[in-house]
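# Observations on the model geometry
Chain by chain, the residues run as shown.
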Amino acid sequence: MTFWLDSQASDFEAEFQALLHAKRETSEEVDTVVQGIIQQVRSQGDAALIELTQRFDRLKLSPANLRLRTQDIAERASSVNPAVYAALELAAQRIRAYHEKQVPENQDYRDDQGVRLGARWLPVEAAGLYVPGGTAAYPSSVLMNAIPAKVAGVERLVMCVPSPDGALNPAVLAAAQIAGVDEIYTIGGAQAIAALAYGTESIQPVDVIVGPGNAYVAAAKRLVYGQVGIDMIAGPSEILVIADSSANPAWIAADLLSQAEHDRSSQSILISPDADLLRRTSEEVSRQLDTLPRSEIAGDSWRDYGALIAVNDLAEAARLSNRLAPEHLELAIEDPDALLPAIRNAGSVFLGHFTPEPIGDYMAGPNHVLPTARSARYASGLNVFTFLKRSSFLALTAESLQELAAATTTLAREEGLEAHARAVEQRLNR
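What comes next concerns the included structure.

What counts as what
- Residues numbered from 1 in each chain as written.
- Predicted model: local features only at pLDDT ≥ 70, side-chain atom pairs only at ≥ 80, totals over all residues.
- Heavy atoms only, no water.
- Helix = DSSP H or I, 4+ residues; strand = E, 2+ residues; numbered from the N terminus.
- Buried < 20%, exposed > 50% of the residue type's maximum accessible area, 1.4 Å probe, protein only.
- Contact = heavy atoms within 4.5 Å.
- Pairing = 2+ DSSP bridges.
- Patch = residues over 30% accessible without salt bridge, like charges linked within 9 Å, V, L, I, M, F, W, Y side chains within 5 Å.
- Areas by Shrake-Rupley, 256 points an atom, 1.4 Å probe, with all protein chains shown as cover.
- Salt bridge = Lys/Arg side-chain N within 4 Å of Asp/Glu carboxyl O.
- Axes fitted to C-alpha atoms, helices over the stretch in contact; angles between N-to-C directions.
- Parallel < 35°, antiparallel > 145°, perpendicular 65-115°, else oblique.
- Nonpolar A, V, L, I, M, F, W, Y, C, P; charged D, E, K, R; others polar.
- Phe/Tyr/Trp six-rings, centres within 6.5 Å; stacked < 30°, edge-to-face > 60°.
- Lys NZ or Arg CZ within 6 Å of the ring centre and 35° of its normal.
- 1 Å grid on protein atoms, 1.4 Å probe; cavity = no way out; pocket = protein on both sides within 12 Å on 5 of 7 lines; lining within 4 Å.
- Points joined across faces, edges and corners; volume = space filled by probe spheres on them.
- Polar contact = N/O pair within 3.5 Å; in protein donor to acceptor, adjacent residues only side chain to side chain.

## Quick notes on the overall build of the protein
- Helices and strands together make up the secondary structure of the protein, namely 17 helices and 14 strands.
- Reported as C-alpha extents along the three principal axes, the dimensions of the protein are approximately 85 × 60 × 40 Å.
- Put simply, the protein has 430 residues, and 49% of those count as buried.
- At a minimum sequence separation of 6, the contacts of the protein that also span at least 24 residues come to 75%.

## So, the sheet that holds strand S7 (residues 208–210)
- Read across the sheet, five strands follow the order S6-S5-S4-S7-S8 without closing on themselves; strand pairing throughout is parallel. What marks the edges here is a single partner per strand, and that holds for strand S6 (183–185) and strand S8 (229–230).
- Bridge analysis of strand S5 (residues 156–160) against S6 gives three bridges, and the strand direction is parallel. When the sheet's bridge partners are listed, cysteine 160 is paired in S6 with tyrosine 185.

## Concerning a nonpolar patch on the surface
- A cluster of nonpolar side chains, Leu394, Leu396 and Leu404, forms an exposed patch at the surface whose accessible area comes to about 270 Å².
- Its location among the elements puts leucine 404 in helix H16 (residues 398–414).

## Digging into unusual backbone geometry
- Residue arginine 58 is not a glycine yet carries a positive backbone phi of 55°.
- The topology assignment puts arginine 58 in the loop between helix H3 (46–57) and helix H4 (70–77).
- What makes arginine 58 partly exposed here is its relative accessible area of 47%.
- Within the chain, aspartate 165 stands out as a residue other than glycine whose phi angle is a positive 55°.

## Considering the packing of helix H2 (residues 31–44) against H3
- For the pair H2 and H3, the least separation of the axes is 6 Å and the interaxial angle reads 140°. Comparing the axis directions of H2 and H3 gives the class oblique. The residues of H3 that touch H2, namely those facing Ile37, Gln40, Val41 and Gln44, are Asp46, Ala47, Ala48, Leu49, Glu51, Leu52, Arg55 and Phe56.
- Of the residues in the contact of H2 with H3, the class split is seven nonpolar, two polar and three charged.

## Quick look at the pairing of strand S3 (residues 116–123)
- The pairing of strand S2 (residues 107–110) with S3 spans four bridges and is classified as antiparallel. What sits directly across from tyrosine 109, in S3, is leucine 117.
- Hairpin remark: S2 followed by S3, antiparallel, with five residues in the connecting loop; positive phi at glycine 114, about 85°.
- Note that S3 and strand S14 (residues 388–395) share eight bridges and pair antiparallel. Across the sheet, alanine 119 pairs through a bridge with serine 392, a residue of S14.

## Quick notes on the packing of aromatic side chains
- Under the criterion given, the structure shown has three aromatic pairs.
- One residue, arginine 42, lies across the ring of tyrosine 198, its end atom 4.0 Å from the ring centre.

## Some thoughts on the layout of surface pockets
- Estimated volume of the second largest pocket: approximately 310 Å³.
- What lines the second largest pocket is a set of 17 residues, among which Leu20, Arg24, Glu238, Ala373 and Arg374 lie closest to the centre.
- Among the elements of the structure, helix H1 (12–20), strand S9 (238–243) and strand S10 (267–272) are those that each provide at least two residues to the lining of the second largest pocket.
- The element contributing the most residues to the lining of the second largest pocket is S9, with three residues.

## Things to note about the pattern of salt bridges
- This model, assessed by the stated rule, comprises 20 salt bridges.
- Across the pair glutamate 183 and arginine 156 runs a salt bridge, and its minimum N-O distance is 2.8 Å. Here glutamate 183 is found in strand S6, whereas its partner arginine 156 is found in strand S5, with 27 residues between them in sequence.
- Connected via shared salt-bridge partners are Arg264, Glu296, Asp300, Arg303 and Asp304.

## Quick word on helix H7 (residues 170–179)
- Counting buried residues along H7, eight of its 10 residues qualify, which places the element largely inside the surrounding structure.
- All buried positions along H7 are accounted for by Ala171, Val172, Leu173, Ala174, Ala175, Ala176, Ile178 and Ala179.
- Its buried side turned inward, H7 meets H4, helix H5 (82–100), helix H6 (139–152), S5 and S6.
- N-cap assignment for H7: the residue whose side-chain oxygen lies 2.9 Å from the backbone N of alanine 171 is asparagine 169.
- Just downstream of H7, glycine 180 is the residue with a positive phi angle, here 90°.

Honestly, it's all geometry; don't read function into it.
Dropping the structure here:
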């Protein structure tokens with residue numbers, strides 16, 4: 001049943017803790033299975049990919065057709081509705097423009113002792129993008145994952161997308177074409193993650209793997225981390241709305257359901273000092289569910305994990321929001337800029353009544369791959385830096401080395417590292 005909480009109730013903290021720690025992930029034990037799949041791919045290469053794809057996706061492949069041909073991609077992409085293709089191009093343009101502003105500058109300077117210091121930002125050489133397959137795949141996620149990689153300067157971008165029973169979503173291929181994906185392989189699951197991490201005869205390994213997936217894909221990403229970098233382990237989607245009396249209950253209900261329809265484990269929360277708004281929004285959710293195509297999924301999500309929380313004021317709402325650290329946070333209030341400085345933990349913040357969360361999912365420009373499960377306390381959404389690494393450099397002259405040598409050798413000998421000290425002193429005794 002949907003949580004109803006009141007911050008003035010004597011049992012509020014206990015109820016809030018229950019909401020805070022409600023387990024929404026599946027408890028399925030998959031690590032053992034995934035470890036076996038990874039080992040199989042590492043030892044058997046393409047043969048493992050072919051066997052596992054036949055078993056899980058009912059698709060017969062060979063080393064010759066693991067990778068989609070450029071001609072096949074173009075033919076399938078050309079079948080996309082022109083309006084959809086145009087929308088993807090507009091979204092790509094906006095996503096690219098936003099992420100281009102994230103590209104950092106290199107540093108190169110000399111300090112007061114004459115030491116040259118600096119840092120260079122360099123893209124990883126290759127990145128892998130995992131895309132859930134079949135007819136329900138999300139082309140918007142292709143854009144959100146691929147475009148920042150290309151903006152960062154990644155030369156080789158590889159996409160793996162399963163094709164169960166041979167089904168491929170043409171819009172996903174169109175998005176890959178627009179975003180500049182270089183290679184596409186019709187494999188999925190943990191075996192795709194293993195192939196991207198370790199390589200096979202047909203697939204060269206990558207340096208970073210990004211993209212969402214099921215429990216097996218998430219477990220595989222977790223297990224290959226260290227061999228490659230990853231973006232994050234994404235959990236079920238979340239939205240938190242802070243609203244005041246200026247908010248429209250119908251709009252808020254629609255926003256809550258926009259995330260509830262993703263998955264039965266998604267979570268939608270409304271916090272407000274206006275008790276009447278909470279009641280009217282709850283009624284609107286029930287009314288809108290009656291006509292929602294994915295009402296069964298959204299209804300289960302709202303019933304099991306949804307919450308309505310009454311608070312004293314917006315300052316208290318912000319404090320509770322920071323504890324929840326939501327993936328998406330809407331400030332549906334009269335003056336969102338006044339409350340924004342109080343928001344510390346959120347994946348992305350949507351300001352004002354005319355900024356519904358789905359605009360961020362598709363078209364605004366900021367990335368929709370965001371930290372979930374309270375990880376916004378310490379993590380950021382996917383961005384250009386996901387595909388960049390920073391290398392520092394330094395250069396001393398004989399004079400600047402002389403100036404820093406005594407302190408350096410003192411610390412080296414304090415740590416019992418005589419060779420460190422001598423490496424400096426050898427240069428002082430020319």
